[in-house]
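Descriptive structure summary
Here's the letter readout for the chains.
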Amino acid sequence: MKKLTEKHIEELYIFTRQHYVEYYDVQTELVDHLANDIEQIWDNKPQLSFEKARNISFKKFGIFGFMNVIEEKQKQLNKKYIKIVFQFIKDWFKLPKIILTVLMLLSFYQIQQLNFAYYIYTTTYLSLCLLQTIAVYYSSKNLKKKNKKTGKRWMLEDIIKTQGIGSLTLILFYIFDISLPTNKDFYEMGLFFCMFSSFMIVFSIIITYITLKVIPEKSEKLLQKQYPEYQLVSS
């Protein structure tokens, strides 16, 4: 029975890159799939060359090639990232941090009594968005340097260090829009909306801290858990 050689495997990696698969983890999954399929094709048609067997296998992905696989992987890892974020949020609402959270809630609720409360809230939201924009810029810059050095990109790493933070910035703009009074007067919002507004700004501060500070500091462990080969390849 014909088997793939190391040279064939390397050629499959090149083949995936030629078909716009940028992430090493996705390349590896596709190479594994293609390799198994090619060997199955050879079981039935051993006379076929490697290139012909590879092309037969590739055609099974349809007219969009590997794009559907990339999209599905993106969805899968986005869900994983959200789970990671919410796990850290869950951990936050425990002692002693829950005490700090309550104090922040009460402080922002009291701030609403001030004439310029709306501007304090607005400045806080804009500051959070600015911090996230700066973080995305520098993270993206550092990732490019690292990818150039290692020659490898990892989808979850991109999500943790750039894409996830960028998505959060858009979410904060939405929170800003729904949680502040349209007439800039907290007095007319009612007790429930005042409490909701206070909670949302504190929640925004917490989630910004988690995504900009906590998760990036733990990213190496998270990535090694997701990709056992990450440390070896990235070192």
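In short, a report on the structure. Keep in mind that what you see is a predicted model, and the values were worked out from it rather than measured.

**What about the overall build of the protein chain?**
Helices and strands together make up the secondary structure of the protein chain, namely 10 helices and zero strands. Seen in sequence order, the protein chain has helices and strands lined up from the N terminus as α-α-α-α-α-α-α-α-α-α. Taken along its principal axes, the extent of the C-alpha atoms in the protein chain is 80 × 35 × 30 Å. Counting only residues that meet the buried cut, the protein chain has 42% of its 235 residues in that class.

**Describing the nonpolar core**
L12, F66, M155, F186, I215 and Y227 are the most contacted members of the largest nonpolar core, which totals 63 residues. Looking at this core element by element, the count peaks at 10 residues for helix 8 (residues 191-217). Contacts of I215, omitting those with residues within four sequence positions, involve Y81, I84, V85, F88, I160, I210 and L222.

**Quick word on the packing of helix 1 (residues 6-18) against helix 2 (residues 24-44)**
Describing two packed helices takes the angle between their axes plus the distance from one axis to the other. Where helix 1 contacts helix 2, the two axes come as close as 9 Å, and the packing angle between them is 125 degrees. On the basis of the axis angle, helix 1 is oblique to helix 2. Both helix 1 and helix 2 take part in a crossing whose hand is right-handed. Residues H8, I9, L12, Y13, F15, T16 and R17 of helix 1 form the contact with helix 2, whose own contacting residues are Y24, Q27, T28, L30, V31, L34, A35, I38 and W42.

**Description of a positive patch on the surface**
There is a patch of like positive charges on the surface, built from K79, K80, K83 and K225. Looking at which element gives the most residues to the positive patch, the answer is helix 4 (residues 67-92), with three residues. Looking at the element boundaries, K225 is found in helix 9 (residues 219-226).

How each quantity is defined
- Numbers given for residues are sequential positions, taken from 1 along each chain in its written order.
- Per-residue local features are limited, in this predicted model, to residues with pLDDT of at least 70; the limit for side-chain atom pairs, both in listing and counting, is 80 or more; totals at the level of whole chains, interfaces and linings are taken over all residues.
- Side-chain metrics in this entry use all non-hydrogen atoms of the structure; hydrogen atoms and water are not considered.
- Segments assigned H or I by DSSP are reported as helices when at least four residues long, segments assigned E as strands when at least two residues long, and all are numbered from the N terminus.
- Using a 1.4 Å probe on the protein chains alone, a residue whose accessible area is under 20% of its type maximum counts as buried, one over 50% counts as exposed, and one in between counts as partly exposed.
- What makes a nonpolar core is a set of buried Ala, Val, Leu, Ile, Met, Phe, Trp, Tyr and Cys residues whose side-chain atoms join them at distances within 4.5 Å.
- What makes two residues a contact is simply this: any of their non-hydrogen atoms within 4.5 Å.
- Here an axis means a line fitted to C-alpha atoms, over the contact stretch when the element is a helix, while the angle between two N-to-C directions is reported on a 0 to 180 degree scale.
- Angles are sorted into four bins: roughly parallel if under 35 degrees, roughly antiparallel if over 145, roughly perpendicular if 65 to 115, and oblique for all others.
- The crossing is said to be left-handed when, going from far helix to near helix, the turn is anticlockwise and less than a right angle, and right-handed when the turn is clockwise.
- Patch rule: a residue counts if its relative accessible area is over 30% and it has no salt bridge; like charges are joined within 9 Å, and nonpolar side chains (Val, Leu, Ile, Met, Phe, Trp, Tyr) within 5 Å.
- We get accessible surface area from the Shrake-Rupley algorithm with a probe of 1.4 Å; when it comes to residues, only the shown protein chains can shield them.
- The term salt bridge refers to a pairing of a side-chain nitrogen on Lys or Arg with a carboxyl oxygen on Asp or Glu at a separation within 4 Å.
- The charge count includes Lys and Arg as positive and Asp and Glu as negative, but it does not include His or the ends of the chains.
- For this purpose, a charge sits on NZ of Lys, CZ of Arg, CG of Asp or CD of Glu.

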